[in-house]
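An overview of the molecular structure
Here are the chains, one letter per residue:
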Amino acid sequence: MTPIRLFCGIAAALLLVACGSSPQHNFYLLSAESQAVAGGQSPSLGIGPIEIPEYLNRNSLVYSRGSNQLHIASFERWAEPLADGIQRVLGLNLAAELGTQNIRPHPWQRTDAPAYAVQLWVLSLDAADQAAELVVEWRVSRQGETGTLERRISRLSQPLPGPGWQAADAAGAYSRLLQALSTEIATVIRAAEASGDS
């Protein structure tokens, strides 16, 4: 066998070994924490738009490493765009919290506007050390009113299972953070509904 053929054979074998041993991508979803089944049609809720920072707007999970550094997890990926996942889970959580099936993702038709619209600006979503944290500005507006019903910045945190946590732990903690946020938002809408009934 000539040296060139020998070299090509070795190179092909190494390439096959490398392909066979490449790490597989793992995919994660945010999940709704509320298990209650919504039964009513009121109030109608519009969810979105959801704005996230550009550094989070990618397939890979992203974590901070301190000193203004980021770690992009090459093989740990979201199964859907992060903003879409937040919108989906927030809608499911609020449906369960408020007992309504009448949930509309943004954008909705102007002729079929929901009674309440929930808009989010995610300022930070991170998992580091012992906890995951969500910092989000949110707004609830009510149909027919020119002003905002409620607007605030919430800073929420959830513990992680020690320094050896995995991406699945972070995704679960993020889901619980969205549940806590949903509870805050639902409290505002519930109070507005009660004041409108009185």
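Above this text is the structure in question.
First, a word on scope: everything that follows refers to the structure included in this document.

Conventions and cut-offs
- Residues numbered from 1 in each chain as written.
- Predicted model: local features only at pLDDT ≥ 70, side-chain atom pairs only at ≥ 80, totals over all residues.
- Heavy atoms only, no water.
- Helix = DSSP H or I, 4+ residues; strand = E, 2+ residues; numbered from the N terminus.
- Buried < 20%, exposed > 50% of the residue type's maximum accessible area, 1.4 Å probe, protein only.
- Contact = heavy atoms within 4.5 Å.
- Areas by Shrake-Rupley, 256 points an atom, 1.4 Å probe, with all protein chains shown as cover.
- Pairing = 2+ DSSP bridges.
- Axes fitted to C-alpha atoms, helices over the stretch in contact; angles between N-to-C directions.

Some details on the overall build of the protein chain
The helix and strand inventory of the protein chain stands at three helices and eight strands. When the helices and strands of the protein chain are listed from N to C terminus, the series reads α-β-β-β-β-α-β-β-β-β-α. Counting all 198 residues of the protein chain, 38% fall into the buried class. Taking contacts inside the protein chain between residues at least 6 apart in sequence as the whole, the part at least 24 apart equals 70%. Approximately 11200 Å² of the protein chain is accessible, and the part contributed by carbon and sulfur atoms is 53%.

Considerations on the sheet that holds strand E2 (residues 45-51)
In spatial order, the strands read E5-E2-E6-E7-E8; together these five strands make up an open sheet with mixed pairing. A strand with exactly one partner marks an edge of an open sheet, and here the two such strands are strand E5 (103-105) and strand E8 (148-159). Neighbouring strand axes in the sheet, compared pairwise and without regard to direction, differ in orientation by 25° on average. Sheet topology note: the E2/E5 ladder contains three bridges and is parallel. The partner of Ile47 across the bridge, within E5, is Pro105. Contacting E2, E5 and strand E6 (116-128), helix H2 (residues 82-98) crosses the sheet at an angle of about 150° to E2.

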